[in-house]
There are 2 protein chains.
Amino acid sequence: MATPMPAARRATRIEPFQVMSILERAKALEAQGRDVIHMEVGEPRFPLPAALVEAARRAVAEESMGYTPSAGLPALRQAIATRYGERYGLDIDPARVLVTPGGSGALQLALGSVLDISDGVLVTDPGYPCHRHMAVMVGADVRTLPLDAGDAWRLDAAQVSAHWGESVRALLLASPANPTGAVVDVDSMRRIHARVRALGGVLIVDETYQGLVYEVEDHTALACGSDVAVVNSLSKYFGLTGWRLGWLVAPEGYAGVAERLAQNLYLAPPTLAQHVALAALGPELAGEFERRRALLRRRRDLLFQGLTELGFGMAAKPDGAFYLFASLPPRWGDGLRFARELLEREAVAVTPGSDFGSGACQGILRIAYTAEDARLREALVRLRRFLRAD
Amino acid sequence: MATPMPAARRATRIEPFQVMSILERAKALEAQGRDVIHMEVGEPRFPLPAALVEAARRAVAEESMGYTPSAGLPALRQAIATRYGERYGLDIDPARVLVTPGGSGALQLALGSVLDISDGVLVTDPGYPCHRHMAVMVGADVRTLPLDAGDAWRLDAAQVSAHWGESVRALLLASPANPTGAVVDVDSMRRIHARVRALGGVLIVDETYQGLVYEVEDHTALACGSDVAVVNSLSKYFGLTGWRLGWLVAPEGYAGVAERLAQNLYLAPPTLAQHVALAALGPELAGEFERRRALLRRRRDLLFQGLTELGFGMAAKPDGAFYLFASLPPRWGDGLRFARELLEREAVAVTPGSDFGSGACQGILRIAYTAEDARLREALVRLRRFLRAD
């Protein structure tokens, strides 16, 4: 029977991620016995540390698995605030910290507490597609701020002014960025913040990849002032993807509104994940997470060199996250076609750049370096064979 | 330092739940050593069954705690579809089932895939306040459909027609309902569905309290046709509140759009909770959940009789959920004032009806009967003393 009513236009206009068809095909190939190298998914591959397995097993038996407060367990809010003190020398009021279901929940709170219907919000192109789609779903007017491969996809304050419009109320940017790995340095962030404030807007910085930086200074936009909204996640640096936990540091004066939104949009973040997060933020595992960061840095270097030798184009070695955003070698035009053929012939899965941006992104791939060194080397061998065979 | 920009008007207009101030005060009293009886929170108080503790402990050690597919683990989608077959005799395609972060996630998908900006959506008054607030946050035009205490807060098809307007695209109702406990029976649901369809709209039914019905038939609006959207949760019947897991059964043809929304709004539901849900839906615990239902029924009867004797007004004994929605005895006007004084003097926490609706709801309380029998009896003793003392 046909559905009498079609789905909402706004929602149907959200393009599916191309990578989903890549993923599906990769699974089908694996089911046929092919050895697929996964470089398409933004997920660290490290096992859950034994201390966190144990923390989860203890909490599920000993703690209440009922609702926590909407803003999260007070001890966890405090632990997050304390982390800003210890790592970044900032005094953040725990009342500004809301624990959320993933970084996604924090983005919903940030966008929802800043934007009214038809308010403009600036997002980067390329950028994390959920940013713009989530903004569309709260009824905002999404405007894109084009970044340039030649500038290594870096944003500066002048671009913000050039693309600001009368109805724009916020700039949402990620640093370190997905898909480019670009990091906005401390000085640039201060200039961007000053510009946004002067234009009468709110700066929202998605710091989901915070901590995953390799040569540059690890910092936070919260240092710019108490009027910044910062989104973060336990998924990347801490590798807790499936636990779905993140946090928002709300601008001063916004925490009450954000908490009411939390009560209404999702009631509370998952309880057991909060107990696991408390253990993850403790001192015992600090060394383990730093060891992982060093591994990721080595993998980035390995893959960057290999791809460069194969003729892929990158203006600079990206400073953070765990992706390379690499232009196809000359004469290879379309990233999606390249990704599909590469998967069929060499069983290497990568993400087409068109999932993240327009224009030049058609000829770019996002390649995650989360797999082990040996797998990355094998991927380079397969890529070389693929490029030569054509 | 003052924040230069105020928060969004839309978000600041969301009223805080009055019960939050009750809860906060209740905790302060407990910290002073008072013995507070909690009848304000919509949370079953049963312990996590040992089989689920064990399922969680096993899964965290043995399964990947990475992202699952956005629509949830295939085995869980299948288990939910199978449940509709076994319990309600319906053949539901698992492709229509999306596992979500709580019933809240399912509501977001349903509203997001049906409503465009400024589309109208009808919600009941009284009703679950997150329904209207969530609709506001996707930019919908929320219209209320007043229910009547004299009809035991039941909705019928004629009311739907009377309040439909040209821009209205959906009716969102809950059955069993929070706060009233009212259940829309099978025939009424069919009539409501036919009316909504004839008016060119989509029927969205929140069945979060499904299974918690006491004399009437346990049913689902999915039986009305494949164009219905149904929201459900593991929080109430299964008592898994803090795990934050629910599901949407999307209308035929909507699953693809709903899945794209899921990818963008929250990426995926929490992983460990999905393994626990698989165990909760299995045959081993079916008897335990039915035993709990019988306990709740007895508690409802106990509290209904006690409140009636004290002069509280209810048109009928509610058929489902775990709340009584009771008018204050004559000469007690304001529910919020009553709730505050009752808490101070007798340490009994209840929710003012004004959290759920307008008009007559000011003089009503929502009282949860999730506490043990002895606690409910003690609450009645305290209420009697409170009413006499004044």
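Sequence order as written defines the numbering, with residues in each chain counted from 1. To label them, take the chains in the order written and letter them from A, then take the ligands in the order written and number them from 1. In keeping with the model being predicted, local features are shown solely for residues with a pLDDT of at least 70 and side-chain atom pairs are shown and tallied solely at 80 or more, while totals for entire chains, interfaces and linings include all residues.

1. Quick word on the overall build of chain A
On a plain count of helices and strands, chain A comes out with 13 helices and 12 strands. Atoms considered for the radius of gyration are the C-alpha atoms alone. The globule rule reads 2.2 Å times the number of residues to the power 0.38. Its C-alpha radius of gyration of 21 Å places chain A within 12% of the 21 Å reference for a compact globule of 390 residues. For the C-alpha atoms alone, the extent of chain A along its principal axes is close to 60 × 60 × 55 Å. Using C-beta atoms placed from the backbone, we call a residue buried if 20 or more other C-beta atoms fall within 10 Å of its own, exposed if 12 or fewer do, and partly exposed for counts in between. The buried share among the 390 residues of chain A stands at 54%. Across chain A, the fraction of contacts at a sequence separation of at least 24, relative to all contacts at a separation of at least 6, is 73%. A helix here means a DSSP run of H or I that spans at least four residues, while a strand means a run of E at least two residues long, and both kinds are numbered starting from the N terminus. Remark: residues whose backbone-derived C-beta atoms lie within 7 Å of one another are considered to be in contact.

2. A look at the packing of helix α12 (residues 335-346) of chain B against helix α13 (residues 373-389) of chain B
Residues and elements named next belong to chain B. Convention adopted: a line fitted to C-alpha atoms gives each axis, helices being fitted over their contacting stretch, and angles between N-to-C directions are expressed from 0 to 180 degrees. Between α12 and α13, whose axes approach to 10 Å, the crossing angle comes to 110 degrees. Relative to α13, the element α12 lies roughly perpendicular. In this structure, α12 uses Leu 342, Arg 345 and Glu 346 to contact α13, whose residues at the interface are Arg 382, Arg 385 and Phe 386. Among the residues making up the contact of α12 with α13, the classes are represented as two nonpolar, no polar and four charged. Here is the rule for angles: anything less than 35 degrees is roughly parallel, anything more than 145 is roughly antiparallel, 65 through 115 is roughly perpendicular, and the remaining ranges are oblique. Amino acids are sorted into nonpolar (Ala, Val, Leu, Ile, Met, Phe, Trp, Tyr, Cys and Pro), charged (Asp, Glu, Lys and Arg) and polar (every other residue, Gly among them).

3. A look at the nonpolar core
Here, a nonpolar core denotes buried Ala, Val, Leu, Ile, Met, Phe, Trp, Tyr and Cys residues that are linked to one another through C-beta atoms within 7 Å. Leu 98, Ile 204 and Leu 248 of chain A together with Leu 98, Ile 204 and Leu 248 of chain B are the most contacted members of the largest nonpolar core, which totals 261 residues. When near neighbours in sequence (up to four residues on either side) are disregarded, Leu 98 of chain A contacts Ala 71, Gly 72, Leu 109, Trp 247, Leu 248, Ala 250, Ala 255, Ala 258, Glu 259 and Ala 262 of chain A.

4. Here we look at the sheet that holds strand β9 (residues 323-327) of chain B
Residues and elements named next belong to chain B. Pairing between strands requires that DSSP locate at least two bridges from one strand to the other. One open sheet accounts for three strands, arranged β9-β12-β11; its pairing is antiparallel. Across the chains shown, the open sheet's two edge strands, defined by having one partner strand only, are β9 and β11 (351-352). As paired strands, β11 and strand β12 (residues 364-368) are joined by two bridges and run antiparallel to one another. Each bridged residue has a counterpart across the sheet, and for Pro 352 the counterpart in β12 is Leu 365.

5. Re the relation of the copies chain B and chain A
Here two copies of a chain appear, and what relates them is a rotation about an axis with a shift along it. The transformation that overlays chain B on chain A combines an axial shift of 0.0 Å with a rotation of 180 degrees, and the residual RMSD is 0.0 Å. In symmetry terms, the pair is related by a two-fold rotation axis. When you check the interface residues of chain B against chain A, 100% turn up at the interface there too, and the contact is symmetric in its surfaces. The copies were overlaid with a least-squares fit restricted to C-alpha atoms from residues scoring a pLDDT of at least 70 in each copy.

6. Let's talk about the environment of Val 19 of chain A
Residues and elements named next belong to chain A. By the secondary structure assignment, Val 19 is in helix α2 (residues 18-31). Distance from Val 19 to Glu 372, taken between C-alpha atoms, is 21 Å for residues 353 residues apart in sequence. Here Val 19 is in contact with Glu 40, Thr 351 and Asp 355, once residues within four sequence places are set aside.

7. Focus: the domain arrangement of chain A
Residues and elements named next belong to chain A. For each domain, the first and last residues come from an automatic or database assignment. The domain boundaries assigned to chain A delineate domain 1 (12-41 + 287-389) and domain 2 (50-281). Taking the mean C-alpha position of each, domain 1 and domain 2 sit 26 Å from one another. Every contact between the two is made by 26 residues of domain 1 and, on the other side, 26 residues of domain 2. Among the secondary structure elements, those contributing two or more residues to the side of domain 1 that touches domain 2 are α11 (286-309) and β9 (323-327). Broken down by element, the residue count for the side of domain 1 that touches domain 2 peaks at five residues, all from α11. A per-class count over the side of domain 1 that touches domain 2 returns 15 nonpolar, five polar and six charged.

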